[in-house]
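# Examining the three-dimensional arrangement
Each chain is listed here by its residues.
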Amino acid sequence: MSFEIPDDCRFLNSHEWARREDGTARIGISDFAQDELGDVVFVELPAEGDAVTKGEDFGVIESIKAVSDLYAPVSGTVVAVNDDLVDAPELVNEDPYGDGWMLDVEVDDESELDDLLSPEAYDDQIA
Amino acid sequence: MTERTPPLHAVHEDAGASFTDFGGWEMPVEFESIRTEHRAVRDSAGIFDVSHMGEIAVSGPDAERLLQRLTTNDVTALDPGQAQYAMITDEDGTILDDTVVYDLPADRDADYLFIPNAGHDEQLSDRWVDHRDEWGLDATVENRTDDYAMLALQGPEAEERLLDPVAESQRTAICDLSRFSAITATVGGVDCLIARTGYTGEDGFELIVPTESVETVWREFDCQPCGLGARDTLRIEMGFLLSGQDFDPEDNSRNPYEAGVGFTVKLDTEFVGRDALERVDAEGVAEKLTGFRLVDRGVPRQGYTVQDLDGEAIGTVTSGTMSPTLDQPIGLAYLPVEYRSPGVNVQVVVRGEPKKAQTQALPFLDR
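Just so it is clear, the model here is predicted, and its values are computed rather than measured. (Residues numbered from 1 in each chain as written. Chains lettered and ligands numbered in written order. Predicted model: local features only at pLDDT ≥ 70, side-chain atom pairs only at ≥ 80, totals over all residues.)

### Regarding the overall build of chain A
Selection criterion: Secondary structure elements follow DSSP: runs of H or I no shorter than four residues count as helices, runs of E no shorter than two count as strands, and numbering proceeds from the N terminus. We take the radius of gyration over the C-alpha atoms and set the globule estimate at 2.2 Å times the residue count to the 0.38 power. We call a residue exposed when 12 or fewer other C-beta atoms sit within 10 Å of its C-beta, buried when the count reaches 20 or more, and partly exposed for counts in between; the C-beta positions come from the backbone. Contact definition: two residues whose C-beta atoms, as placed from backbone geometry, lie within 7 Å.
Within chain A, the regular secondary structure consists of five helices and nine strands. Along its sequence from the N terminus, chain A presents helices and strands in the succession β-β-β-α-β-β-β-β-β-α-α-β-α-α. On C-alpha atoms alone, chain A measures out to a radius of gyration of 13 Å, which is about the 14 Å that the 2.2 N^0.38 rule sets for 127 residues. Overall size of chain A, expressed as C-alpha extent along the three principal axes, is 35 × 35 × 20 Å. Buried residues in chain A amount to 45% of all 127 residues. A sequence separation of at least 24 residues applies to 63% of the contacts in chain A between residues at least 6 apart.

Written out as structure tokens, the structure reads:
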């Protein structure tokens, strides 16, 4: 089975992605991760203004079969949260890199993004 | 322990299934998605490979007596072609496993068959042999688990899906089959034992198929393949017990009255555990398996603590899920009997956070 890995995203080993967007980074989980979890039923996210720290958990994702922590790929301040996931957590399954995004974070140190796995390296990891 | 694989393992792999260990068997847990598979069974039909279930054949002049003395239900009430749900208990009345006992139709090569849960076939077949010898009964006990695969075709359209590949002369008999009855019928040219039984709350059939022919039979059915994930969500909605989880002689020792299956206990029969259960029945139980739903967001899972509104622990979740049909988080827990009535407010501790929950009558779904 092959999973979508967009060129403009960078990844953590734990399957979260970050995408650079005008001074902020958008964060979500990978196509591989949503497939492993199966039907997502509940996502618990921080609030706007909260700080997240690279490598530390920022929330929880529950599918019918499993529960998993979410880890921040970058450090910074949450400037937007995808509220659509409250009523439609299945967006994470349907469109993990698009409508299923989770947070926008104002990044403390942009170079943190460069330390993440490249799409090629992440592809190797899940192969 | 070497993992056992169902004969259809490669077929499921080709279909893109993911697998899980279940009772020592590597079984498909998900094909499409749990929700899709679950909906297929509630709305139309789905087919499960449940070859992890055991098959133990018991024959001979004392076969009925042996089964009568090792299961809680009344085997003598069965006519050939009928089946019943029963518990297997120890001297203390603790449930060792739950099972379906078949008084086989006359055209089968054994007198009785019973179906232990995954990984219990050897232990229970030994239990039958040991007691037969101890009681000096004249019966043969054969563990046929490797000889048979088992499929479950479940859902409101199960009957019409089953009729298609069945020999035309046998279709009326299939339609006339009442719940917990079984006949031999030919599916795609293969002789199967077909019973109107299941674990989903829907109409449906379980097919016991010779291992070497199961792929032929499986391919006869053009409907959603379903894994153990959907099997679990379907049975939790019905409040059906899962062996090793909702009861377990080691980790969660329970008697049938606590587990809500007192209807399988026939105290006017003679069986191992009867005297203990007679006392339990007379004295009553302190705890009962109770349904609840989470009012707050979250998903209850096995092992989570249930507490009263003061934060005092009153029980542990044995099964829980997000119900795909109700779109509500639901679960089962053994709670003190005063929490039995529906609508009592309790809390479930989800990852350190107490969440509001309310007891609810079982089953969660009317069927």
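From this point, things continue past the structure.
### With respect to the nonpolar core
Put simply, the rule reads: Remark: nonpolar core denotes a set of buried Ala, Val, Leu, Ile, Met, Phe, Trp, Tyr and Cys residues whose joining runs through C-beta atoms within 7 Å.
Counting 132 residues, the largest nonpolar core has B:Val58, B:Leu151, B:Leu153 and B:Leu207 as the members making the most contacts within it. If near-sequence neighbours (up to four positions away) are discounted, B:Leu153 is found in contact with B:Ala45, B:Ile47, B:Ala158, B:Arg161, B:Leu162, B:Gly204, B:Phe205, B:Leu207 and B:Phe221.

### What about the domain arrangement of chain B?
Residue and element names in this part refer to chain B. We apply this condition: Where each domain begins and ends follows an automated or database-derived domain assignment. Under the convention adopted here, Pro, Cys and the residues Ala, Val, Leu, Ile, Met, Phe, Trp and Tyr are nonpolar, Asp, Glu, Lys and Arg are charged, and Gly plus all remaining residues are polar.
In terms of domain boundaries, chain B breaks down into domain 1 (9–51 + 146–237), domain 2 (56–141) and domain 3 (239–360). Centre-to-centre, using C-alpha coordinates, domain 1 lies 28 Å away from domain 3. Put simply, the parts of the chain that give the side of domain 1 that touches domain 3 at least two residues each are helix H2 (34–43) and helix H8 (228–238). Considered class by class, the residues forming the side of domain 1 that touches domain 3 number three nonpolar, three polar and six charged.

### Points about unusual backbone geometry
Residue B:Pro363 is bonded to the preceding B:Leu362 through a cis peptide linkage, with omega at -5°. Positive phi is not limited to glycine here, since A:His15 has a value of about 80°. Mapping A:His15 onto the fold places it in the loop between strand E1 (10–11) and strand E2 (16–21). The class for A:His15 is buried, based on 24 C-beta atoms found within 10 Å.

### Re the environment of B:Asp92
Residue placement: B:Asp92 occurs in the loop between strand E5 (82–89) and strand E6 (95–103). For the pair B:Asp92 and B:Val272, spaced 180 residues apart in the sequence, the C-alpha separation amounts to 8.4 Å.

### Describing the environment of A:Pro73
Residue and element names in this part refer to chain A. When you line up the elements, proline 73 lands in the loop between strand E7 (67–71) and strand E8 (76–81). It is 6.8 Å that separates the C-alpha atoms of proline 73 and tryptophan 17, two residues lying 56 residues apart in sequence. Setting aside residues no more than four positions away along its own chain, proline 73 makes contact with Leu12, Glu16, Trp17, Ala18, Ile27, Lys54 and Leu116.

### Here's the deal with the UniProt feature "modified residue: N6-lipoyllysine" (unreviewed entry) in chain A
Here is the rule we go by: UniProt positions are given in the numbering used here, feature names are shortened, and annotations may be inferred rather than shown by experiment.
Per the UniProt entry, the sites bearing "modified residue: N6-lipoyllysine" (unreviewed entry) are A:Lys65 in this numbering. Along the chain, A:Lys65 turns up in the loop between strand E6 (57–63) and E7. Classification of A:Lys65 by C-beta neighbours within 10 Å gives buried; the count is 25. Setting aside residues up to four positions removed in sequence, A:Lys65 forms contacts with A:Gly38, B:Ile34 and B:Gly229.

### Considerations on the interface of chain B and chain A
Interfaces are often sized by the accessible area lost when the parts come together. Of the residues lining the interface, 14 residues belong to chain B; the matching set on chain A comes to 10 residues. For the side of chain B that touches chain A, the elements supplying multiple residues, two or more each, are H2, H8 and strand E16 (313–323) of chain B. A breakdown of the residues in the side of chain B that touches chain A according to their chemical character gives three nonpolar, six polar and five charged.

### A short note on the sheet that holds E5(B)
All names here are of chain B. Definition in use: Strands pair, by our definition, only if DSSP identifies at least two bridges between them. Only the stretch in contact is used when a helix axis is fitted, and all axes are lines through C-alpha atoms; the angle between N-to-C directions ranges over 0 to 180 degrees.
Overall, antiparallel pairing links the five strands, which are arranged E5-E6-E7-E4-E8 in an open sheet. Pairing within the sheet leaves two strands with one partner each, and these edge strands are E5 and strand E8 (140–143). Averaged over neighbouring strand pairs, the angle between their axes works out to 25° when direction is ignored. The pairing of E5 with E6 spans eight bridges and is antiparallel. Across the sheet, residue methionine 87 finds its bridge partner in E6, namely aspartate 98. Across the face of the sheet, helix H4 (residues 121–135) comes into contact with strand E4 (56–59), E5, E6 and E8 while running at roughly 170° to E8.

### Section: the pairing of strand E1 (residues 18–22) of chain B
Residues and elements named next belong to chain B. Bridging between E1 and strand E2 (residues 25–30) involves five bridges; their strand directions are antiparallel. Considered in E2, the bridge of aspartate 21 is made with glutamate 26. What sits between the antiparallel neighbours E1 and E2 is a turn of two residues, in which glycine 23 has the positive phi angle 55°.

### Brief notes about the packing of helix H3 (residues 63–70) of chain B against H4(B)
For any two helices packed against each other, one specifies the crossing angle of their axes together with the interaxial distance. All names here are of chain B. We apply this condition: Comment on the angle field: the value is read as roughly parallel under 35 degrees, roughly antiparallel over 145, roughly perpendicular from 65 to 115, and oblique elsewhere. Two helices crossing with the near one rotated counterclockwise from the far one by less than a right angle form a left-handed crossing, whereas a clockwise rotation gives a right-handed crossing.
Running from amino to carboxyl end, H3 crosses H4 at an angle of 110°, the nearest separation of the two axes being 11 Å. With respect to H4, the element H3 is oriented roughly perpendicular. Considering the relative orientation of H3 and H4, their crossing is right-handed. Contact with H3, carried on its side by Leu66, Arg69 and Leu70, involves Arg127, Trp128, His131 and Arg132 of H4 and no other residues of that element. Among the residues making up the contact of H3 with H4, the classes are represented as three nonpolar, one polar and three charged.

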